[in-house]
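Letter by letter, the chains look like this.
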Amino acid sequence: MPAGSGDIYPKFRAVAVQAAPVFLDRDATIKKMDDLVMKAKEKGADIVVFGEAFISAFPLWNMVYAPVDQHEFFKKLFENSVEIPGPHLKMIGEVARRHRVFLSVGINEKGPISMGAIWNTNLLFDREGRLLSKHQKLVPTWAEKLTWARGDGSSLRVVPTEIGRIGVLNCGENTNPLARFTLLAQGEQVHIATYPPAWPFKRMGLAGNYNLTEAIRIRSAAHSFEGKVFNIVSSCILDGDAIDQVSKGNPEIKALLERAPPPISLILGPTGEMIAEPVIGKEGMVVADIDVAQCIEQKQAHDIVGYYNRFDIFHLEVNFTPNLPIWPKGLHEEAPPEEEEESNTEKLN
């Protein structure tokens, strides 16, 4: 075929950052993120991805303490969560704008209404620092329910960008076939998956502990292979300060955190195989060049959102309605819910 004929699909460089936040310190963590984004940009990054709840802590205390012993952690996490809309949201967007990158980062989100609700949220910004999507984890996993509220379907969306159609899921959501299919069915080409720094599931010495490293690798490969998409996977890391603050001098808890199976960050192609050297159990960056056109050939074999499905047999219905504490009625100036959602998105931008 003549050179240059046909459609051209995006090519870009992705960087998955595996790093520790400054534990329960929102401002210091945003400063650290800014420094890391600068280093990623020096590596040629077009998109930079940070792990789950990077700003500014994953609530590991939920897994190692009884609820009656967790109040101080919850209060400090709430105080250091990101209000949307709010000044810290603008600060994060400014990092993306200043370095001219797409930026994905996990945060603890609090809203302007409740003094007790926190969501496990992923933010995606474009090169201009505009907020493209805000995805709240649909179901907090296991002990996380002691900290995080449930998200709603309004954020289960794929965003069209100059580097491809991007979807995001947080941690255990990448095990949910319906959530993953919802993104694929919207034409997802590039998937972002975020994970925590550790997952202590059983006491030391007991069989059958949760292997975070392998769980991330298996889920990531599954989504890439099944959907024929690229998958940018970023985890957080526990540093010594976080371990000391959570363990509070308890040697058993300290050992449990130190010896938990480590997290992994990686980037996979549409065959489900890694396309760059992963980072395991330490701070670092995974760098890979992505050519979205590589998805085409793989979909000849299995296209589960196209010919390789039976939509006359299977039917998926998704509720994209946001959960709000109050729906005003009778106010002539009030926009309908769907228009209100669009208006709120514009305000976030």
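Anyway, here's the lowdown on the structure attached to this text.

The next subject is the packing of aromatic side chains. Scanning the model with the defined rule gives 11 aromatic pairs in all. Between the aromatic rings of Phe58 and Trp199, the centroid separation amounts to 6.3 Å while the plane-to-plane angle is 55°, which identifies the pairing as tilted. In this pair, Phe58 sits in the loop between strand 2 (47-49) and helix 2 (61-64) while Trp199 sits in the loop between strand 9 (190-195) and helix 6 (212-227), placing the two residues 141 residues apart along the sequence. The buried category is assigned to Phe58, whose relative accessible area is 4%. Here Trp199 falls in the buried class, since its relative accessible area comes to 7%. On the numbers, 5.9 Å between centres and 50° between planes, the contact of Trp142 with Trp199 is tilted. Of this pair, Trp142 sits in the loop between strand 6 (131-136) and strand 7 (159-161) while Trp199 sits in the loop between strand 9 and helix 6, and the two are 57 residues apart along the sequence. You can call Trp142 partly exposed: its relative accessible area is 38%.

Of all five residues that make up strand 11 (residues 264-268), five are buried, and the element is covered over most of its length. Direction of pairing for strand 10 (residues 230-235) relative to strand 11: antiparallel, over a ladder of three bridges. Counterpart to Val233 in the pairing with strand 11 is Leu266. Sheet topology places strand 11 next to strand 12 (residues 279-280); two bridges connect them, and they run antiparallel. Paired with Ser265 across the two strands is Val279, which belongs to strand 12.

What counts, and at which threshold
Here the residue index of a chain counts from 1 through its sequence in written order. With the structure being a predicted model, the display of local features is reserved for residues of pLDDT at least 70 and the display and counting of side-chain atom pairs for 80 or more, all residues being used for whole-chain, interface and lining totals. The basis for every side-chain value is the complete set of non-hydrogen atoms in the structure, without hydrogens or water. Here a pair means two rings of Phe, Tyr or Trp (six-membered ring of Trp) with centres within 6.5 Å. Their orientation is stacked below 30 degrees between planes, edge-to-face above 60, and tilted elsewhere. Secondary structure elements are taken from DSSP: a helix is a run of H or I of four residues or more, a strand is a run of E of two residues or more, and numbering for both begins at the N terminus. Only protein chains enter the area calculation, which uses a 1.4 Å probe; residues under 20% of their type maximum are buried, those over 50% are exposed, and those in between are partly exposed. If DSSP finds at least two bridges between two strands, the strands pair.

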